[in-house]
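For reference, the chains in residue letters:
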Amino acid sequence: MPAKVITITSGKGGVGKTTATANIAAALAVAGAKVVCIDADIGLRNLDVVLGLENRIVYDLVDVVEGRCRLRQAMIRDKRLPELYLIPAAQTRDKSAVSPSDMVRLCDELRPEFDWIFIDSPAGIERGFRNAIAPADISVVITNPEVSAVRDADRIIGLIEAEEKGPARLIINRIKTDMVKKGDMLSAEDVLELLAVELLGLIPEDEGVIISTNRGVPVALDGKSRAGQAFRNIASRLNGEHVPFLELEEQSGFFSQLSRFLRKGGG
Amino acid sequence: MVRVKGIREGLLFLLEEGDWEENRRALFKMVGERQEFWRGAKVALDSRTVVINEQEILSLKDELSQYHLTLWAVLSESPSTQIAAQKLGLATRLNRPEKEEVEALSTIVHDGEGAVLINKTLRSGYRVEYAGHVIVLGDVNPGAEIIAAGNIIVWGRLRGVVHAGAEGDTQAVVCALDLQPTQLRIADQIALTPQRKGKPQPEMARLLDGQLVAEPWNAKER
């Protein structure tokens with residue numbers, strides 16, 4: 001079956017596009033699918049670092065598009081997950097080195113060989129975003145539960161609809177349960193009420209993500225991590241399985257209940 | 001036949017009555033024949049009564065750019081074409097309207113004609129500008145803008161910026177099922193929305209003795 005192209009985008013920077021791309025792709029590859037990730041963030045590439053493949057880059061996306069190498073030569077195979085490949089972005093060029101139709105052509109060439117093609121979009125709504133969205137079959141928008149990130153997500157969803165790449169699906173990243181409970185953070189419901197799109201996943205805040213990103217080992221490969229579990233659930237949902245959303249409640253021990261009780265008592 | 005006029009801003013392409021596809025073919029035939037002559041020009045398109053959707057304008061813009069032509073404006077008698085062009089950030093008139101034109105527009109508004117229906121949620125970054133009434137069947141999210149010479153009616157949550165009576169009509173009103181705009185303007189008055197207490201309810205905002213007031217829409221009192 002030809003591959004589905006999934007573009008992960010957000011508008012705002014730093015909300016977790018690259019982390020989500022790396023982890024969902026890794027989770028699908030663990031489950032046995034053949035996956036390729038394309039880093040469309042030309043000039044500010046990160047996906048190679050998050051996947052721990054930086055030192056193996058020889059050719060990149062721009063080399064393929066400009067014909068300096070064959071597509072195969074630019075594909076880096078992950079040693080831990082032999083079914084996971086990366087096409088890195090060029091670091092020394094900018095977004096204008098690639099056009100939307102180049103991306104469509106590239107994906108069409110990859111489609112017959114893979115089950116999933118992931119595109120990690122750059123932040124912003126300009127050329128880089130248009131490159132990333134052009135070949136998409138499924139558009140995934142990722143946001144944090146913050147007003148500014150949600151505003152940008154809304155804008156991006158509008159642009160995706162205008163390009164007829166909708167309906168977009170939503171991932172809410174870095175949810176802090178205790179802050180939501182105190183009313184200091186937007187809840188998933190608040191975000192969904194404004195954006196009114198289908199939810200694909202909820203990722204809890206997890207320090208393990210920072211550690212794994214620095215080490216270049218996707219957190220989705222860590223069986224104990226809660227964020228890793230959330231990413232694996234997203235992978236299952238993309239495979240058409242029905243997985244309930246993570247119950248984001250903290251395990252409430254005696255002390256945390258006591259402290260909550262005291263807080264309420266104190267007003 | 002597509003006609004061409006030279007204007008101060010560059011070229012103006014005038015479409016013929018009929019459907020878009022025929023006009024498009026005629027247009028590119030004409031452009032293709034004299035590529036070097038057109039090269040680098042700024043193009044405004046007057047669609048007249050021909051209806052063109054957003055996707056079609058977008059691909060027209062892309063195709064024209066291959067001939068080094070820049071599409072910057074789409075003029076049209078069709079409101080849906082005007083709205084589509086605005087969503088893409090294109091101009092929908094050549095220059096600021098003359099004084100008498102403004103008056104002509106207000107007359108249209110008072111006649112109760114000239115309304116555009118937008119059958120979807122307006123998300124952040126969308127701007128609708130229309131010389132008549134604007135009706136939205138959906139929400140208006142923060143970061144979206146509606147500027148209307150007439151009334152604005154939102155069948156949904158209104159949280160963006162709206163300006164009713166933008167040409168100076170003090171009789172204009174803004175209605176919404178949940179009226180929580182970032183900023184509300186009627187004619188030359190501006191107001192911010194106070195924090196709402198209690199449940200959302202349909203409200204209507206209008207000018208009362210030069211003051212902007214929002215009142216609950218209560219059927220019994222009418």
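Up top is the structure.
Being a predicted model, the structure only gives us computed values, none of them experimental.

1. A few points about the pairing of strand β6 (residues 138-143) of chain A
All names here are of chain A.
1) Next: Burial analysis of β6 places five of its six residues in the buried class, the great majority of the element.
2) Next: Where strand β1 (residues 4-9) meets β6, four bridges bridge the pair, whose relative direction is parallel. Among the inter-strand pairings, isoleucine 6 is bridged to a residue of β6, identified as isoleucine 138.
3) Next: Pairing of β6 with strand β7 (residues 169-175), which is carried by four bridges, proceeds in the parallel orientation. Across the sheet, residue isoleucine 142 finds its bridge partner in β7, namely isoleucine 171.

2. Describing the interface of chain A and chain B
1) Next: The interface of chain A with chain B comprises nine residues on the first partner and 11 residues on the second.
2) Next: Here the element with the most residues in the side of chain A that touches chain B is helix α7 (residues 147-162) of chain A; it accounts for six residues.
3) Next: Of the residues that constitute the side of chain A that touches chain B, the class distribution is four nonpolar, one polar and four charged.

3. Side note on the nonpolar core
Residues and elements named next belong to chain A.
1) Next: Judged by nonpolar contacts, the single largest core of 81 residues is most densely connected at Ala25, Val35, Leu61, Ile117 and Phe118.
2) Next: Considering each element in turn, this core owes the most residues, eight residues, to helix α1 (residues 17-30).
3) Next: Sequence-distant contacts of alanine 25, that is, excluding residues within four places in its chain, are made with Val35, Cys37, Leu84 and Phe118.

4. Comments concerning the sheet that holds strand β4 (residues 84-87) of chain A
Residue and element names in this part refer to chain A.
1) Next: Strand order in the open sheet formed by eight strands is β3-β4-β2-β5-β1-β6-β7-β8, with mixed pairing between adjacent strands. The two strands at the open ends of the sheet, each matched to only one other strand, are β3 (76-77) and β8 (198-204).
2) Next: The strands touched by α7 within the sheet are β1 and β6, with β6 carrying the most contacts at an inclination of about 165°.

5. Regarding helix α11 (residues 226-238) of chain A
Residue and element names in this part refer to chain A.
1) Next: When the terminal C-alpha atoms of α11 are compared, their 19 Å separation across 13 residues agrees well with the 18 Å that a helix rising 1.5 Å per residue should span.
2) Next: The complete set of buried residues in α11 reads Ala227, Gly228, Ala230, Phe231, Arg232, Asn233, Ile234, Ala235 and Leu238.
3) Next: Buried residues along α11 sit in contact with α1, β7, β8 and α10 (207-215).
4) Next: With its phi angle positive at about 90°, glycine 240 sits one or two positions after the end of α11.

6. Notes on the sheet that holds strand β12 (residues 183-186) of chain B
Residues and elements named next belong to chain B.
1) Next: Strand order in the open sheet formed by five strands is β6-β8-β10-β12-β13, with mixed pairing between adjacent strands. Each edge of the sheet is formed by a strand with only one pairing partner; in this case those strands are β6 (127-130) and β13 (189-191). Between one strand and the next, the sheet's axes are offset by a mean angle of 10°, whatever the strand orientation.
2) Next: Pairing geometry for strand β8 (residues 145-148) and strand β10 (residues 161-164), over three bridges, is parallel. Looking at β10, one finds that isoleucine 146 is bridged to valine 162.

Parameters at a glance
- Residues numbered from 1 in each chain as written.
- Chains lettered and ligands numbered in written order.
- Predicted model: local features only at pLDDT ≥ 70, side-chain atom pairs only at ≥ 80, totals over all residues.
- Buried ≥ 20, exposed ≤ 12 C-beta atoms within 10 Å, placed from the backbone.
- Helix = DSSP H or I, 4+ residues; strand = E, 2+ residues; numbered from the N terminus.
- Pairing = 2+ DSSP bridges.
- Contact = placed C-beta atoms within 7 Å.
- Nonpolar A, V, L, I, M, F, W, Y, C, P; charged D, E, K, R; others polar.
- Core = buried A, V, L, I, M, F, W, Y, C linked by C-beta atoms within 7 Å.
- Axes fitted to C-alpha atoms, helices over the stretch in contact; angles between N-to-C directions.
- Expected span 1.5 Å × (residues − 1).

It is worth stressing that arrangement in space is one thing and function is another; only the former is reported here.
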